[in-house]
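Report on the structure
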Amino acid sequence: MESKFIILIVIVLGIVAISQLARVYELAAKLKGKKEEDISDSDNRMNARMMFAFMILFFGTVIYFYTEYGRGLLPEAASVHGVEQDWLMNLNIFIITTVFFLTNFLLFFFASKYYKRKGSKAYFFPHDNKLELIWTVIPSIVLAVIIILGLKNWNEVTGAPSEDAEKVELYSKQFSWTARYSGEDNVLGDFNYKLVNDDINNPLGVVTRVTMETQIEALKAKIVDEKAKLNSDSLVFADDIEYKMHKKVERLSRVVRRLEEELASYNDSLDIPALDDKIVRGDLHLKVNQEYEFQFRAEDVIHSAYFPHFRAQMNTVPGMKTRFKFTPTITTKEMREKLQDENFNYVLLCNKICGASHSNMYMLVQVDDEATYDAWIAEQPTFKSTVIDELNK
Amino acid sequence: MGATVSHDDHGHHHEEGFISKYIFSMDHKMIAKQFLVTGMMMGVLGMMLSIFFRIQLGWPGEESTVLNMFLGDDWAPNGILDRNMYLGLVTIHGTLMVFFVLTAGLSGTFSNLLIPLQLGARDMASGFLNMLSYWMFFISTCLMTISLFVESGPAMAGWTVYPPLSALEEAVPGSGLGMTLWLMSMAIFIASSLLGSLNYIVTVLNLRTKGMKMTRMPLTIWAFFVTAILGVLSFPVLLSAALLLLMDRTMGTNFYLSDIIVGGEMMDYTGGSPLLFEHLFWFLGHPEVYIVLLPALGITSEIIATNSRKPIFGYRAMIGSILAIGFLSFIVWGHHMFLTGMNPFLGGVFVFTTLLIAIPSAVKVFNYLTTIWKGNIVYTPGMLFSIGLVSTFITGGVTGIILADSALDITVHDTYFVVAHFHVVMGLSAIFGMFAGVYHWFPKMYGRMMNTKMGYFHFWTTLISGYGVFFPMHFVGIAGAPRRYYDYSVYDLFDKAQYEMILDLNVLISIFAILGAFAQGVFIFNFFYSIWFGQKAVQNPWKSNTLEWTTPVEHVHGNWPGPRPEVHRWPYDYSKPGAEEDFIPQIVPLAEGEEDH
Ligand code: HEM
Ligand SMILES: [Cu+2]
Ligand SMILES: [Cu+2]
């Protein structure tokens, strides 16, 4: 408290002191007959020189930053399309850097050269159609090139994946990622958010007859539970809490009703693709030079799957499936050697504001050579063994 | 042709009380000042918030007495910023700056001040709506400020308030009462902005004085006019987006919600789409950036011409560019959504339209350059800031080209590269335009001059610290550092070299941010000091051609004590060969044989 008070006094005194100085300055200027609107030749010269000095300082700093931080220390692209994208990025950076230096140079150069001084005059030059045409046409041509190259790359990146792209699902929720591999058949089992249930190891809501039946039971039990609390004589709730509990009962009942309808028309053959799926919560493992087609989902709010090293990104949206494909080309081991950093890892970051721990929502990515990958994936248990068999016990 | 004259042609003077003169004033000059001072207050608040989170980013995890002093034990226990509050600060900072400072503060001030004065009108078309517009703005600023003090915190979903994060209070505490206040504040703000814009449009169309053809209007007015049209066409869309969000939050609808489990609770929403909100939001959001920027460019055009003592180069091309930018800004919103799951083909279309906008922007830059070429530059503080604007407009504009290229946006989207880009264009360029306008028209607003030397000091420190803050951010971003991160400690797990670099740059940025904030203190001081103690202004201190400088220094209701001035020429006859002085005001009739521009 005391320190706040002292700071306040210092600030007030400071303002008073500056006001007095300003007052003295103003009075002195008045005595000399100088007016604020009459900018003196020496002031013009001073500012003009500052313009030039600033330009040197600015350009120098920019060049220093380019050399020191270049592509920002992001390692070389580790995916097929990433290499092309980096090429395009460098080209674009080259173009805009040129434009940046050229136009800023002209600006500061003119600003430092054409200041008002004794006897100087401005040149009356209101328009010139030819010049204006030139600087409409040249940017248009440059932009046309940028657009064409950019769209070509964009179409490749977002185009359909090839037949043998492996399908992997990445599931996001506050504040973690979970992966689901599609298994032998390379088909991901169906999902339904209403089936999400960590108690039975089904965090992604994979659909099978058994998980549906189990979930209906579980939800019904919850409803019963909630109702019991509401009707109990010994428990008293605040009005708003009670209101919320009523709402919850209604909501869950609706969910159960919908699930029952879905179960009634369920076709058991849909179980099959789900059985060999593999849910992985640790690191995401990828096989080098294998194309992957990622399917993204979100449980609660929008997140974004950002793989800076593979130059890949796609938002994950509740209620929607989004996709992105890429082929990793450099194993983690190779990259560590290149960077001479034993601790380096590829990473998947969340890149859409999603709540308190947004900055800690990540998953490490391992790119393995074929043998290592095959050994790893063989060890991962299937959905059948972790969920179905458990439930059938 | 000759504009219609609807006001009586005699200035009306009558004694007013304090309240009707200073508070519920319907005089456009007073309303302009009200917008300016309120906008400046919001600017100071927004800047303080940014210093708070810059402290966190520069020195993560270190105890800071400053944070504890301002945010208290709830939000900065032991002087360490709370994670949720970090997001709250970022959100409110963005909202204040984009909407309250750069939309209301900039347009509200200068459209109100200059549209009637530069067109020779006695006031706005409707003084009452104008007053209402200010007071609604004022209420919305109050609501937004109050939301900072709510127990569960202010809105925390980013200034873009994407649902479901902004719709579910289980997802983040700020999405409770804080978000409700945010939406209410914005709804009132939008209403205010609409009233203002309609007024500006009607005034420009109907109240021009005799001889003020559209093609003789100063570029300031052209910019304000197109800005107002953009506002009228786009803000209602944001209003509907906000209302639907409010309904999702309070009435159980689910326009934006589908298949959600949050905080362990299974919701029963189906069929809504968060993408709908994003489309609606950016349909305003992109025009909004030009709503922010065009007035600044208009102000600059005027100040650069006046102080280079030269006509603005390519007057018609400048108008054409403003119109082209205005039109194109409505068909580019999708460039904010390349990676949202929107159809990639549609993304391609938005790449094309977005890059088209770069053409009129480039034309404007080259025209500014040619205007100062062989000029006779007088370095008023306003002129310095205008040149600063051109520099930052170039620097910020070129990075837009990378972002607009969807293939490249994949790596830099939502990183600090985007933050750098839009701060250089809005946080520097547009703000510079606002400063330039304040220095230039201060004599018109307050009848006194601001101190020039302090203006110089303000400009040079602001330019250096401004670039010092935002230039390094490009490199943080291109390294792949996501925005809206509380800290970068996760980098420690996968790339230590990069982690070090981000930490280093963040310290540098934060230091410049603090320096820059102090530099603004000089401006605030100069501003308030000069209102009361500045040197008395003369009628036309900058030897300018436009009509506002034909009004008396002391404000009169109705602007001109006698009949309204008549206009005979365009506003840019500076250093015209054959003329005695280096300026010829618009009210001077064409000499025998003299050609209009
Ligand atoms: C000149 C005035 C401009 C202003 C005031 C402006 C402002 C902004 C703002 C505020 C954002 C960030 C939105 C967010 O929070 O995500 C943004 C992003 C963007 N701007 Fe600009 N901008 C301007 C010029 C340009 C130009 C000339 C281009 C293209 C040629 C451009 C292209 C983009 C793109 C593509 C994005 C989205 C980037 C992303 O989210 O990944 N902008 N701009
Ligand atoms: Cu997230
Ligand atoms: Cu945009």
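Residues numbered from 1 in each chain as written. Chains lettered and ligands numbered in written order. Predicted model: local features only at pLDDT ≥ 70, side-chain atom pairs only at ≥ 80, totals over all residues. Heavy atoms only, no water.

**As for the coordination of the copper ion (ligand 2)**
Residues and elements named next belong to chain A. Around the copper ion (ligand 2), the donor atoms from the protein are His 303 (ND1), Cys 350 (SG), Cys 354 (SG) and Met 361 (SD), and they sit 2.1 to 2.5 Å away. For the copper ion (ligand 2), the 4 donor atoms in the first shell make angles of 92 to 121° at the metal, so the coordination geometry reads as tetrahedral. Taking relative accessible area as the criterion, His 303 reaches 0% and is therefore assigned buried. On the basis of relative accessible area, Cys 354 is assigned to the buried category, the value being 0%. (Donors = N, O, S within 2.8 Å, 3.2 Å for Na, K, Ca; no water. Tetrahedral: all angles 85-135°; square planar, octahedral: opposite > 155°, others 65-115°. Buried < 20%, exposed > 50% of the residue type's maximum accessible area, 1.4 Å probe, protein only.)

**Things to note about the packing of aromatic side chains**
Residue and element names in this part refer to chain A. Going through the model one piece at a time under the given rule, you end up with 88 aromatic pairs over all chains. A ring pair is formed by Phe 54 and Phe 108, whose centres lie 5.5 Å apart and whose planes are at 55°; its orientation type is tilted. In this pair, Phe 54 is assigned in helix α2 (residues 41–69) and Phe 108 in helix α3 (residues 80–113), connecting sequence segments 54 residues apart. Accessibility assignment for this pair places Phe 54 and Phe 108 in one class, buried. When the centroid spacing of 6.1 Å and the interplanar angle of 45° are considered together, the rings of Tyr 373 and Trp 376 count as tilted. (Phe/Tyr/Trp six-rings, centres within 6.5 Å; stacked < 30°, edge-to-face > 60°. Helix = DSSP H or I, 4+ residues; strand = E, 2+ residues; numbered from the N terminus.)

**Comments concerning the coordination of the iron atom of ligand 1**
Residue and element names in this part refer to chain B. Within the protein, just one atom coordinates the iron atom of ligand 1: His 421 (NE2), at a distance of 2.3 Å. A spacing of 4.7 Å is found between the iron atom of ligand 1 and the copper ion (ligand 3). Checked against the element boundaries, His 421 lands in helix α13 (residues 416–446).

**Considerations on the environment of Gly477(B)**
With respect to the secondary-structure elements, Gly477(B) resides in helix α14 (residues 452–478). In sequence terms Gly477(B) and Val418(B) are 59 residues apart; their C-alpha atoms lie 7.4 Å from each other.

**Here we look at helix α10 (residues 344–372) of chain B**
All names here are of chain B. Along its 29 residues, α10 runs 43 Å from first to last C-alpha, staying within 8% of the 42 Å computed at 1.5 Å per residue. Burial analysis of α10 places 22 of its 29 residues in the buried class, which makes it a mostly covered element. Taking the backbone nitrogen of Phe 345 as reference, a side-chain oxygen 2.8 Å away marks Asn 343 as the first, capping residue of α10. Downstream of α10 by a residue or two, Lys 374 has a phi angle that is positive, lying close to 55°. (Expected span 1.5 Å × (residues − 1). Polar contact = N/O pair within 3.5 Å; in protein donor to acceptor, adjacent residues only side chain to side chain.)

**What about the sheet that holds strand β3 (residues 278–280) of chain A?**
The strands that make up a sheet are held in pairs by hydrogen bonds between backbone atoms, and each pair lies either parallel or antiparallel. All names here are of chain A. In spatial order, the strands read β3-β2-β1-β5-β8; together these 5 strands make up an open sheet with mixed pairing. Here the strands that pair on one side only, and so sit at the sheet edges, are β3 and β8 (322–326). The average angle at which neighbouring strand axes cross in this sheet is 25°, direction not considered. Both strand β1 (residues 166–173) and strand β2 (residues 176–181) contribute to a ladder of 6 bridges, which runs antiparallel. Residue pairing for β2: Tyr 171 is matched across the bridge by Thr 178. (Pairing = 2+ DSSP bridges. Axes fitted to C-alpha atoms, helices over the stretch in contact; angles between N-to-C directions.)

**Things to note about the side chain of Lys248(A)**
Structurally, Lys248(A) is set in helix α6 (residues 239–264). Taking the relative accessible area as the measure of exposure, Lys248(A) reaches 18% and is therefore buried. If sequence neighbours within four positions are ignored, Lys248(A) has contacts with Glu226(A) and Glu265(B). (Contact = heavy atoms within 4.5 Å.)

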